[in-house]
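Chains, contacts and geometry: an overview
For reference, the chains in residue letters:
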Amino acid sequence: MSRLVAFAAIQGAYNIFSKAEGKFRQAMDKYGPNQPLAFPNTAYYLPVIYSILGIKVEKLADAEEVFNRCRELLPPPLTGPIHVPYLGHTLDAGMATILAEEVVEAIRYVEDPDFYLQSEECDLDSGKIWLGAADDTVMRKRGIEFVDGSAPGFAAIVGAAPSPEIAREIAEDYQKKNLYVFLCANQGGTTFAEQLVEAGVQIGWNTRLVPFGPDISSAVFALGFANRAAMAFGGMQPGDYKNILRYNKERVFAFVNALGEVSAEWAANAAGAINWGFPTIADTDIPEILPTGICTYEHVVANVPHDKMTARSIEVRGLKVSVAEIPIPVSYGPAFEGERVRKDDLYLECGGGKTTCCEWVQIGDMDTVEDGRVEVIGPDMKDVEPGSRLPLAVTVEVAGRKMHEDYEPILERQIHHLVNYAQGVMHIGQRDIAWYRIGKQAVDKGFTLEHIGKILHAKFHQDFGAIFDKCQVRIITDEAEVERILPLAQAAYKTRDERIEGMTDESTETYYSCTLCQSFAPTHVCVISPERTGLCGAYNWLDCKASFEINPTGANQPIEKGETLDARYGNWKGVNDFVYKASRQSISSYNFYSLVHDPMTTCGCCECIAAILPMCNGIMTVNRDYTGMTPSGMKFTTLAGTIGGGNVVPGFVGHSKYNITQRKFVSGDGGINRLVWMPKILKEEIRERLIKRGEEIGIPNFIDMIATEEDGMTEEEVYAFLEKVGHPALTMESIL
């Protein structure tokens, strides 16, 4: 290892610490020691400091201890020709740098609260592109992608490329490989994020190109995201820095790309990242650290050409990336799923309430289905002007000896994200409420409606080839034919819904596991039955059955439920035996239908969390999209931080939105009759199902008896509302 690296990193750390401490003293003088200090909407305080040191920074005065710890970490400056050990002191200097910078960024939120947007998208119209610290809603929403493998890792890019065109090429290469790209730091008067905007590339969480901030100090947001993932999904405890750093090295595959001249301050940040096992790959001639040790392979690699940057970075980090080539003229991958096609960019629009649109997957006959055939019936791109609208029906016929009708809706649901993976194509909704938007840039590159069919044919074979042999697609824009297809598709939807609604836990002897989230929550085991969907909302019983058919050694394994130990709470010997083994002997038993008595484990990916409200003799539930306070005295983020990580926590349980209206929802504790509070946005989202469920339990106006934040934000206020409407929970036996 070069002495120059150690000298630069340690000198940079002293520079950053000195400036940070000066800013802290100025803030103390201006705002006082009791000034609140936090990143918006997070239960993890200042997450790097909280996870590494275990210090809960809630006000300015709390940062005093952080600076004391930084002072202890800073090694003596290099003065003589010999210094041993280089790496140990360099790592300490880097850690002191990161800790001090996190305080600086928190003070920025006090001094200039509008500097960072609290959003997933940039506001280009106002010139605001910096998103700052991801709040817990964003972190949990995006964190699941690191759990299920759709995001294999992230690249933290500091500085700027030689040109906007090179920046676009690097960014799109990472997008094709499904990585997130976190952006920060100015180089030569510009930033990588600003170069992408200049090149016409959409940036923001939705496209996985996330502009954290213009300064090198905003690199702490990337490390904070990684550490929160370790605590939220992996069950790591604050202050357990050894396991948190080890967890990040082994499970969060990240690295740094340094573009442009590397200053002493950048070197200090790079040294900080090495603590996490995140190497730095640079395009300039900087001193290298080639021996392995903390990182999987090399620590610092220099002189990497821009056209080799992504491949070399992935190699150095030891990251395994699987990329499928799809025969279409635009880039393709999950990184483009959140891309928006806005009005000014629109070439063709179908559905979304503007035109008739539907999607329908059905079993075809082996003798009539021609594999790979894609037929466009009606006008295509060449036949319409930019800004046009067309009706659309996408019909897919699949045939195979293992294919049966239970798989039709599973394949149909894949259309949403598979089409969205195409750059310049936006897809929202499903079934007969689907909405397509195709952008001008995609059409300029040669994208046509036929390519939608090519995407579905290729990806269905790649992802579901075990259950069928042939697939053909029809893309229909002829209005008369679309109107003919629509009622046939709607009849099929109705039949499917009735089929899954008719299944019960009692009539089914085989349930399915889901252990996808164990990559982040090692003791979490989700067991899915017909009447209890996966808590992430992504899997129901039929999905898991299909998944097992496709991949018999995968995360969805059949479980013979065996002897019924407790019918009321939902406890079976076979399930307990499986959970005990799958949780690494950590969880011996849990109940399906209770949040009071040994509820199911929860990871950080749940759509909703239910909690007891003792005074109200009932329960509340809150969805992750709701960022406000709840009557439990905790926001969703705090609740998730409390019960996530694969724990059984009586009084709390994670669940999906759909599960709320399933017949077995907390039935052991009294069922949906116990539901007394939920956010208004959640109530409106599932309104129709709540109304139907109320009719089933003999209380047609039950939906109006459930309080929202508009009716009460404390237990006392909610209780008064319940008395006013005569909620059934008040007359039920005690929930405790």
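Conventions adopted
- Residues numbered from 1 in each chain as written.
- Predicted model: local features only at pLDDT ≥ 70, side-chain atom pairs only at ≥ 80, totals over all residues.
- Heavy atoms only, no water.
- Pairing = 2+ DSSP bridges.
- Helix = DSSP H or I, 4+ residues; strand = E, 2+ residues; numbered from the N terminus.
- Contact = heavy atoms within 4.5 Å.
- Axes fitted to C-alpha atoms, helices over the stretch in contact; angles between N-to-C directions.
- 1 Å grid on protein atoms, 1.4 Å probe; cavity = no way out; pocket = protein on both sides within 12 Å on 5 of 7 lines; lining within 4 Å.
- Points joined across faces, edges and corners; volume = space filled by probe spheres on them.
- Nonpolar A, V, L, I, M, F, W, Y, C, P; charged D, E, K, R; others polar.
- Phe/Tyr/Trp six-rings, centres within 6.5 Å; stacked < 30°, edge-to-face > 60°.
- Buried < 20%, exposed > 50% of the residue type's maximum accessible area, 1.4 Å probe, protein only.
- Lys NZ or Arg CZ within 6 Å of the ring centre and 35° of its normal.
- pLDDT = per-residue confidence, 0-100.
- Disulfide = S-S within 2.5 Å.
- Parallel < 35°, antiparallel > 145°, perpendicular 65-115°, else oblique.
- Core = buried A, V, L, I, M, F, W, Y, C linked by side-chain atoms within 4.5 Å.
- Expected span 1.5 Å × (residues − 1).

Concerning the sheet that holds strand 12 (residues 425-428)
Strand order in the open sheet formed by four strands is 10-7-13-12, and the pairing between neighbours is mixed. Every interior strand has two partners, whereas the edge strands, strand 10 (388-389) and strand 12, have only one. Sheet analysis places strand 12 next to strand 13 (residues 435-439), joined by four bridges and oriented antiparallel. Within the sheet, the bridge partner assigned to Val425 lies in strand 13 and is Ile438. The strands touched by helix 12 (residues 408-420) are strand 12 and strand 13; relative to strand 12, the strand with the most contacts, the crossing angle is about 155°.

A short note on empty space enclosed by the protein
All chains considered together, the criterion is met by three cavities of 30 Å³ or more. By volume, the largest cavity amounts to about 70 Å³. Its residues assigned to classes, the lining of the largest cavity shows five nonpolar, three polar and two charged.

Structural notes on the sheet that holds strand 15 (residues 510-514)
If you walk across this open sheet you meet the three strands as 16-15-17, and the pairing is antiparallel. Every interior strand has two partners, whereas the edge strands, strand 16 (526-528) and strand 17 (558-560), have only one. Between one strand axis and the next, the sheet turns by 40° as a mean value, whatever way the strands run. Across the sheet, helix 16 (residues 541-550) touches strand 15, strand 16 and strand 17, and the angle it forms with strand 15 is around 75°.

A short note on the packing of aromatic side chains
In total, this model carries 30 aromatic pairs according to the counting rule given. Look at Tyr45 and Tyr50: their rings are 4.8 Å apart centre to centre, the planes differ by 65°, and that puts the pair in the edge-to-face class. Tyr45 sits in the partly exposed class, given a relative accessible area of 21%. Accessibility expressed as a relative area gives 12% for Tyr50, which makes it buried. When the centroid spacing of 6.4 Å and the interplanar angle of 50° are considered together, the rings of Tyr590 and Phe592 count as tilted. Judged by its relative accessible area of 1%, Tyr590 falls in the buried class. What links up through ring pairs into an aromatic cluster is the set Phe39, Tyr109, Phe115, Tyr116, Phe154, Tyr180, Phe182, Trp205, Phe212, Phe221, Phe225 and Phe278. Its guanidinium or amino end placed over the ring of Phe115, Arg108 lies 4.4 Å from that ring's centre, counting from NZ or CZ. Over the ring of Tyr593 we find Lys664; its NZ or CZ atom is 5.8 Å from the centre of that ring.

What about the confidence of the model for the protein chain?
Mean pLDDT over the protein chain: 91, with 98% of residues reaching 70 or higher. When pLDDT is averaged over each element of the protein chain, strand 23 (residues 675-677) comes out on top at 98 and helix 5 (residues 136-148) at the bottom at 77.

Comments concerning the state of the cysteines
Scanning the entire structure with this criterion turns up zero disulfides. Take Cys536: it sits in no disulfide, and the sulfur closest to it among the cysteines is that of Cys514, at 6.2 Å. Summary of cysteine pairing: Cys608 is not part of a disulfide, and the nearest cysteine sulfur, belonging to Cys606, is at 7.7 Å.

What about the packing of helix 6 (residues 164-176) against helix 11 (residues 309-317)?
In contact at an axis separation of 9 Å, helix 6 and helix 11 are set at 45° when each is read in the N-to-C sense. In terms of orientation, helix 6 lies oblique with respect to helix 11. Contacts from Ile170, Asp173 and Tyr174 of helix 6 reach helix 11 at Met309, Thr310 and Ser313.

Thoughts on the layout of surface pockets
In this structure, the second largest pocket occupies an estimated 790 Å³ of space. In terms of lining, the second largest pocket is formed by 36 residues, of which the most central are Gly200, Val201, Gln202, Arg340 and Asp345. The residue inventory of the lining of the second largest pocket, partitioned by class, reads 12 nonpolar, 11 polar and 13 charged.

Observations regarding the packing of helix 1 (residues 3-31) against helix 10 (residues 264-274)
With their axes 7 Å apart at the nearest point, helix 1 and helix 10 run at an angle of 100° to one another. Accordingly, the angle class assigned to the pair helix 1 and helix 10 is roughly perpendicular. Side by side, helix 1 and helix 10 meet where Ala8, Ala9, Gly12, Ala13, Asn15, Ile16 and Lys19 of the first sit next to Ala264, Glu265, Ala267, Ala268, Asn269 and Ala271 of the second. When grouped by side-chain class, the residues that make up the contact of helix 1 with helix 10 number eight nonpolar, three polar and two charged.

Some remarks on the nonpolar core
The biggest cluster of nonpolar side chains holds 214 residues, and the ones touching the most others in it are Phe154, Phe192, Trp205, Tyr436, Ile438, Phe460 and Val527. It is helix 4 (residues 86-111) that contributes the most residues to this core, 13 residues altogether. Once residues within four sequence positions are removed from consideration, Phe460 is found in contact with Val361, Val396, Val398, Leu411, Gln414, Ile415, Leu418, Gly465, Phe468 and Cys471. Core analysis: the second largest hydrophobic core is formed by 22 residues, Leu595, Phe665, Leu690 and Ile699 among them.

Overview of the pairing of strand 8 (residues 357-363)
Counting buried residues along strand 8, five of its seven residues qualify, which places the element largely inside the surrounding structure. Both strand 8 and strand 11 (residues 392-399) contribute to a ladder of seven bridges, which runs parallel. Across the sheet, Val361 pairs through a bridge with Val396, a residue of strand 11.

Digging into helix 14 (residues 449-464)
Between its terminal C-alpha atoms helix 14 stretches 23 Å, which fits the 22 Å expected from 16 residues at 1.5 Å a residue. All buried positions along helix 14 are accounted for by Leu449, His451, Ile452, Gly453, Ile455, Leu456, His457, Ala458, Lys459, Phe460 and Phe464.

Some points on unusual backbone geometry
Positive phi values are uncommon outside glycine, yet Ala185 reaches one of about 80°. Along the chain, the position of Ala185 falls in the loop between strand 2 (180-184) and helix 7 (192-198). Overall, the relative accessible area of 0% leaves Ala185 in the buried class. Even without glycine at this site, Asn303 takes up a positive phi of about 55°. The residue Asn303 is located in the loop between strand 6 (300-301) and helix 11 in this model.

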